[in-house]
Amino acid sequence: MPATPVDAHAVEEDRSDAELIARSVADPSCFAAVFDRHADEILRYVHARLGPDLAEDVTAETFLAAFRSRDRYDTARPDARPWLYGIAVRQIASHRRAEARYRRLLAAAPPEIAAEDFGDRSAERVSAQRVRPQLTAVLDALRRQDRELLLLVAWAGLSYEESAAALGITVSAVKSRLNRIRMRTRSALGGSNPMNEEG
Amino acid sequence: MDEITMFTALRPSPPAGVNAMRAAVLERVEDVLRDADPAAPARARRTRVPRRWHRLLVAGGIITAAAAAALVVPAVLPGGTNGTIITKAWAVERNADGSVTFSVSKQFDDPAGLRRALKADGVSAFVVVNRLIVGESYAYDACNYVNLDLEPDAIQKAVVTLGGHVDAPSDQVTWPTWTLHPAAMPRGSALLIASWLPSNRATNNAGAMIPLVLRTDRLPVCTPNKPPS
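The model shown is predicted, which means the values in this text are computed figures rather than measured ones. (Residues numbered from 1 in each chain as written. Chains lettered and ligands numbered in written order. Predicted model: local features only at pLDDT ≥ 70, side-chain atom pairs only at ≥ 80, totals over all residues.)

1. Considering the overall build of chain A
Cut-off, in case you're wondering: Where helices and strands are cited, they refer to DSSP runs of H or I of at least four residues and of E of at least two residues respectively, numbered from the N terminus. Exposed residues have 12 or fewer other C-beta atoms within 10 Å of their own C-beta, buried residues have 20 or more, and partly exposed residues fall in between, where C-beta atoms are placed from the backbone. We call two residues in contact if the C-beta atoms placed from their backbones are at most 7 Å apart.
The secondary structure content of chain A amounts to 11 helices and zero strands. Of the regular secondary structure in chain A, the N- to C-terminal order runs α-α-α-α-α-α-α-α-α-α-α. Burial analysis of chain A (199 residues in total) assigns 40% to the buried set. Restricting the contact set of chain A to residue pairs at least 6 apart, pairs at least 24 apart contribute 63%.

2. Brief notes about the pairing of strand 4 (residues 100–104) of chain B
Side-chain positions along a regular strand alternate between the two faces of the sheet. Residue and element names in this part refer to chain B. The test is simple: Pairing between two strands is assigned when DSSP locates at least 2 bridges connecting them.
For strand 4, the tally of buried residues reaches five of five residues, placing the bulk of the element in the interior. Burial along strand 4 is two-sided: the face carrying Val 100, Phe 102 and Val 104 and the face carrying Thr 101 and Ser 103 are both buried. When strand 3 (residues 90–94) meets strand 4, the two strands line up antiparallel, connected through five bridges. By the bridge assignment for strand 4, Ala 91 is matched with Ser 103. Between strand 3 and strand 4, which pair antiparallel and follow one another directly, the connecting turn spans five residues, one of which, Gly 98, has a positive phi of 90°. In this structure, strand 4 lies alongside strand 8 (residues 178–180), joined through three bridges in antiparallel fashion.

3. A look at the environment of Ile42(A)
Residue and element names in this part refer to chain A. You can see Ile 42 is positioned in helix 3 (residues 31–50). Exposure remark for Ile 42: the 25 C-beta atoms within 10 Å place this residue in the buried category. Put simply, Ile 42 and Ala 156 are 114 residues apart on the chain and 8.6 Å apart in space, counted from C-alpha to C-alpha. Leaving out residues up to four positions away in the same chain, Ile 42 has contacts with Thr 59, Thr 62, Leu 84 and Ala 88.

4. Digging into the confidence of the model for chain A
All names here are of chain A. This is how it is decided: pLDDT is a residue-level measure of predictor confidence that goes from 0 to 100.
Overall, the predicted model of chain A reaches an average pLDDT of 79, with 76% of residues at or above 70. Within chain A, no element has a lower average pLDDT than helix 1 (residues 8–14), which sits at 53, and none a higher one than helix 10 (residues 160–167), at 96. Across residues 1–11 the pLDDT falls below 50, and counting only partners more than four positions away or on other chains, this stretch makes one contact in the model. Contacts from residues 110–121, a stretch scored under 50 in pLDDT, to residues over four places away or in other chains number 15 contacts.

Set out below in structure tokens:
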């Protein structure tokens, strides 16, 4: 069969994360594509958790840890995002004080809510702003593992299955914990959900 | 709206500089992967790796694998102390399960004290400090340890894990915190812990390299390091 010119970049794009990671064990350069796909997302998440001072370093630590443990990646999982988030969560956990400081800073000076979170649902944005103090209090009072789960779902947008994989727990545990958080939040908001009220 | 989704309201927006941050990290990772590629020209690998990323490479164990365990560390000092201790230079905390968590600060200048504290918690370690020349990737006032006699990877992973919490002020734990498991250390083995410190201490780029488990409790022979020509 005659050789056909192949666009290596296009080939990499077609490969799953699992395949790229498996290949990267023998050919480390394959890991670059995994980074290209997910660094942006992980950086944004780490930044949201720890602030700008640590975001760059912790993101680098996350990918270094991922690179070092790539030979243990479960190739039955085609999407590496949960794995990377799991590593990022552990890296973030070693900066608890910085995280707590940043959260306090955010609570003291609430940032602008990202428009894409709510689209044109301006009433919900207003409601969300209104209950920020209560939500912050709930977040602060959560157990660490519950807070990690909540933020993976609410901030990183992971599904229940992805969150379970990231944290190494079962999907039913995810559901159970989130229900507990819902009840706690509802209670903190006076037993009602302001998002369901007219803005 | 679901209560869980409401917490999106607490997520801070990315700062204006996030694109530059992302680009910087991307550039570093590209350098790392290029450096780890044995097919890349040696001179290009050496000159392209930023100083901090070089440190991260070593911390990640990548350079040790890619460069045949050629490490750069200076001399070792003696020491002696005990328990859960926090100093300006380092912090050591003994955990209930017998493991020991430690971190160093950007003011790390007491390798002997850290060595003593670890020794008191059952960890035999060589602790050394690398003085990095700001703007360069290599420490010139150090020595090379080549062909280190290391325990197998499984033992490395059993003895040393990244992470853990030291209950100390944040400026005492400015770089990765490591948890050591003395019970997993084979008899006669010792750790080699190198910290990287800018010569002028003007940045936050201090940090402890991943502790490596040596097969022997003797410090490897030091070969004086020379700047790349």
